[in-house]
Amino acid sequence: MVDYVQPETYLPEKERLLSIAAPSSISHDEKLQQQTSGNQLRNWDALEIQAAGVCGNGVFAKFDFERGHKIIVERPILSCIHWMLRNGLRTVSQDWMTLPLENQQQMTSYFSRLKDVPIGGKTLLPQHKKVLEKFIEEYGFWDPQRARAHIYLLVSHINHACISCANAEQWTDSSYPHRITVKLVKPVKAGQEIFINYNRKTPFGCALCGPLSFRDRVKAFGCGIFK
């Protein structure tokens, strides 16, 4: 079996430039006008990561966007075998060690949870491995086959909301490089936070409706105490 190849060095600037490319048939001025009005803006040109109160960080719109706008098309910075399917085949720590140094540096910079995880091929201690496992569990997105979990530098900062409250939806490509797309299902204003439904059980509930009760948190963790 061919081993999975980690993504190449992740450059937000490259993803940004690809995402706002306009048809060559329009003039330079028209292209600038489209970008300024938000019609062609995606990823880092359209959004920014900011503090989001009790939810930690979140993703916020820089401009007004209409319903149906694809605000993110992003490839993962880290991919690993899904934690439910490993069966001892591979661990997140091994995937971490195969990442280019630039990817590790970006992840430890953007995700405070990883700030103490060694980079550059340094030995990972048991506590570092636990941090990585927990991080993937909380921040990862599955591909459609639920075979791999993916971390996205931008999308993994988007907070969860119930279907009624979410203003965007997401889906992940089944084929490599497993890009994720986020499309608005409601119009948003500049400065408004983006919310998606994770389509899986979570221990924290909707960021807008409020946290889960203790009973629901236990259910979300799958402890089996309540049936």
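What counts, and at which threshold
Residues numbered from 1 in each chain as written. Predicted model: local features only at pLDDT ≥ 70, side-chain atom pairs only at ≥ 80, totals over all residues. Heavy atoms only, no water. Helix = DSSP H or I, 4+ residues; strand = E, 2+ residues; numbered from the N terminus. Buried < 20%, exposed > 50% of the residue type's maximum accessible area, 1.4 Å probe, protein only. Contact = heavy atoms within 4.5 Å. Areas by Shrake-Rupley, 256 points an atom, 1.4 Å probe, with all protein chains shown as cover. Pairing = 2+ DSSP bridges. Axes fitted to C-alpha atoms, helices over the stretch in contact; angles between N-to-C directions. Polar contact = N/O pair within 3.5 Å; in protein donor to acceptor, adjacent residues only side chain to side chain. Expected span 1.5 Å × (residues − 1). Arc of directions from axis to C-beta.

**Describing the overall build of the protein**
Moving on, step 1. When its secondary structure is counted, the protein shows 7 helices and 10 strands.
Moving on, step 2. A burial count over the protein gives 42% of its 227 residues as buried.
Moving on, step 3. By sequence separation, contacts in the protein at least 24 residues apart represent 64% of the contacts at least 6 residues apart.
Moving on, step 4. With the model as given, the accessible surface of the protein reaches about 12200 Å², and the carbon-plus-sulfur share is 54%.

**Concerning the sheet that holds strand β6 (residues 148–151)**
Moving on, step 1. Ordered in space as β4-β6-β5, the 3 strands form an open sheet in which the pairing is antiparallel. A single partner strand is all that each edge strand has here, and the edge strands are β4 (78–81) and β5 (141–142).
Moving on, step 2. The pairing of β5 with β6 spans 2 bridges and is classified as antiparallel. From the neighbouring strand, Phe141 faces β6, where its bridge partner is His150.
Moving on, step 3. Sitting on the sheet, helix α6 (residues 126–139) touches β4, β5 and β6, and the angle it makes with β6 is about 90°.

**Considerations on the side chain of Ser156**
Moving on, step 1. Mapping Ser156 onto the fold places it in the loop between β6 and β7 (159–160).
Moving on, step 2. Here Ser156 falls in the buried class, since its relative accessible area comes to 5%.
Moving on, step 3. A distance of 2.9 Å separates a polar atom in the side chain of Ser156 from the backbone nitrogen of Tyr152.
Moving on, step 4. If we ignore the near neighbours within four places in the chain, the residues touching Ser156 are Phe111, Tyr139, Phe141, His150 and Ile151.

**Looking at α6**
Moving on, step 1. Compared with an ideal rise of 1.5 Å per residue, which puts 14 residues at 20 Å, α6 spans 20 Å between its outermost C-alpha atoms and is within 8% of the ideal.
Moving on, step 2. Residues of α6 that are buried include every one of His128, Leu132, Phe135 and Ile136, and no others. The arc enclosing the buried residues of α6, seen along the axis, measures out at 95°, which places them on a common side. Across from the buried face of α6, at angles greater than 90 degrees, the exposed residues are Pro126 and Lys130.
Moving on, step 3. At its buried positions, α6 is contacted by β4, α4 (92–98), α5 (101–110) and β6.

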